[in-house]
Amino acid sequence: MALRVGLIGDPVAHSLSPAFQQAALDALGIDARYARWHTAAADLPARFAALRAPDVLGANVTLPHKEAAFALVDDVTARAAAARAVNTVVSRDGRLLGDNTDIPGFLAPLGERGLDLPALDAVVLGAGGAARGVVVALLQRGCRSVTVANRRPERAAALIADLGAPPTARPAPLGASLAPALAAAGLLVNATSIGWQGDSLPLDATLLRALPPTALVYDLTYRETPLLRAAGALGLATLDGLRMLVCQGAESLRAWTGRAAPLDVMWSAALAARDGHA
Ligand code: NDP
């Protein structure tokens, strides 16, 4: 009987995870199927109860359930505890372990680029589930300061308080008053859900001019976005979220199977699923 693993979220129809996770399971010769488990908030407890079955390896958890998932597992890893958000569940002997692989997934491409985080000030746009992992990752890696700017600034303040973050993490509104923080920033991260929606940018494009010319603009949206296009037009370095998506998935696969993830296979499958070529 094939083992089962899947993606819990709402929506999940357009996710790339099934394509690259199935390719990885097949490449490793593991008889398992990766499914889309579309789950409304009201059905989350039943979905998590079903994960305890012996043929289930675990799950990924995506928008909007990462914070709710934290309360539905039996144990959490230190990094999931730090973020108070779970994006990976490992099912073993009827117990559920919650992990947060968004944290190493987010950091992986920054490491690949050799970014010196302790020498950088960062601005993070957004205060949702993804932003939590990003802020934890940047603080753990010793980023000099992290400004968290959100449409509803009280949510940024709550995120910082909830994480027990040091005074080098500050909340800010998402507007023109962000210019001084941007002027000092070596890294701008978009962790809002704007990027999927038409021509919208999470902040006024003219504010990007405040960034130093050496700044990297990193959008967690896993395709080119209006923000990345505007930053590129100014000559700034840009990075979309596809590498993060694949790297977080590789960490999840390792947690479910105990095997090293075939990163090249996963990357090719993710590119093919996103861009429609093999
Ligand atoms: P959440 O729903 O938890 O948070 C959404 C965030 O976007 C909030 O900060 C919200 O602000 C902000 N936002 C939404 N609409 C607007 C708007 N119209 N104007 C300004 N701000 C807005 O989502 P997640 O944190 O889970 O995901 C955020 C993004 O990150 C998504 O695009 C997701 O695809 C991406 N992501 C990518 C990953 C990867 O591996 N590449 C991994 C995880 C996420 P407010 O609080 O004011 O509502």
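The text that follows walks through the structure, step by step, so that each part is easy to find. In this text the structure is predicted, and so the values were computed from the model without any measurement.

## Looking at the pattern of salt bridges
- Enumeration over the complete set of coordinates arrives at 15 salt bridges.
- Between E112 and R243 there is a salt bridge whose closest N-O contact spans 3.2 Å. Taken together, the residues span a long stretch of sequence, with E112 in helix α5 (residues 102–112) and R243 in helix α10 (residues 242–257) at a distance of 131 residues.
- Looking at E112, the relative accessible area reads 48%, which means it is partly exposed.
- On the basis of relative accessibility, which here comes to 18%, the residue R243 falls in the buried class.
- When salt bridges that share partners are traced, they join E67, R84, R132 and D162 into one network.

## Digging into the side chain of N100
- Mapped onto the elements of the fold, N100 is located in the loop between β6 (95–99) and α5.
- Its relative accessible area of 1% is what places N100 among the buried residues.
- Polar side-chain contacts of N100 include one of 3.3 Å to the backbone nitrogen of I103.

## Considerations on the site of the ligand
- Among the 22 residues in the neighbourhood of the ligand, the closest are listed as A127, A130, N150, R151 and R155.
- The side chain of R151 places a nitrogen or oxygen atom 2.8 Å from an oxygen atom of the ligand.
- For the ligand, a nitrogen atom lies 2.9 Å from a polar atom in the backbone of G241.
- Elements represented by at least two residues in the shell around the ligand include exactly α6 (129–140) and α10.

## Some remarks on the side chain of Q22
- In this structure, Q22 sits in helix α1 (residues 17–27).
- When sequence neighbours within four positions are dropped, the list of residues in contact with Q22 reads S17, A32, R33 and Y34.

## Brief notes about the environment of N60
- Mapped onto the secondary structure, N60 falls in strand β3 (residues 56–61).
- For N60, a relative accessible area of 4% gives the class buried.
- Setting aside chain neighbours within four positions, we find N60 in contact with G6, L7, I8, Q21, Y34, N87, T88, Q248, S252 and W256.
- At 2.7 Å, the side chain of N60 forms a polar contact with the side chain of Y34.

## Points about the packing of aromatic side chains
- Considering all chains together, one arrives at three aromatic pairs under this definition.
- Judged by centre distance (6.1 Å) and plane angle (50 degrees), the ring pair of Y34 and W256 falls under tilted. Here Y34 is found in strand β2 (residues 32–38), whereas its partner W256 is found in helix α10, with 222 residues between them in sequence.
- Under the relative-accessibility criterion, Y34 is labelled buried at 7%.

## Here we look at unusual backbone geometry
- For the bond running from D10 to P11, omega is 10 degrees, close enough to zero to count as cis.
- Summarising the element assignment, P11 is placed in the loop between β1 (3–9) and α1.
- Cis geometry is found at the peptide bond from L63 to P64, where omega equals 5 degrees.
- You can see P64 is positioned in the loop between β3 and α3 (66–70).
- In this structure, R84 is a non-glycine residue whose phi angle is positive, near 50 degrees.
- Within the element layout of this structure, R84 appears in the loop between α4 (78–83) and β5 (88–92).
- Although it is not a glycine, D93 sits at a positive phi angle of roughly 50 degrees.
- Here D93 shows up in the loop between β5 and β6.
- Judged by relative accessible area, D93 falls into the exposed class, the value being 79%.

## Concerning the pairing of strand β7 (residues 121–125)
- Of all the five residues making up β7, five are buried; the element is thus mostly covered by neighbouring parts of the structure.
- Both faces of β7 are covered, namely the face carrying D121, V123 and L125 and the face carrying A122 and V124.
- Pairing of β7 with strand β8 (residues 145–150), which is carried by five bridges, proceeds in the parallel orientation. Within the sheet, the bridge partner assigned to V124 lies in β8 and is V148.
- With four bridges connecting them, β7 and strand β10 (residues 187–190) associate as parallel partners.

Parameters at a glance
Residues numbered from 1 in each chain as written. Predicted model: local features only at pLDDT ≥ 70, side-chain atom pairs only at ≥ 80, totals over all residues. Heavy atoms only, no water. Salt bridge = Lys/Arg side-chain N within 4 Å of Asp/Glu carboxyl O. Helix = DSSP H or I, 4+ residues; strand = E, 2+ residues; numbered from the N terminus. Buried < 20%, exposed > 50% of the residue type's maximum accessible area, 1.4 Å probe, protein only. Polar contact = N/O pair within 3.5 Å; in protein donor to acceptor, adjacent residues only side chain to side chain. Near = heavy atom within 4 Å. Contact = heavy atoms within 4.5 Å. Phe/Tyr/Trp six-rings, centres within 6.5 Å; stacked < 30°, edge-to-face > 60°. Pairing = 2+ DSSP bridges.

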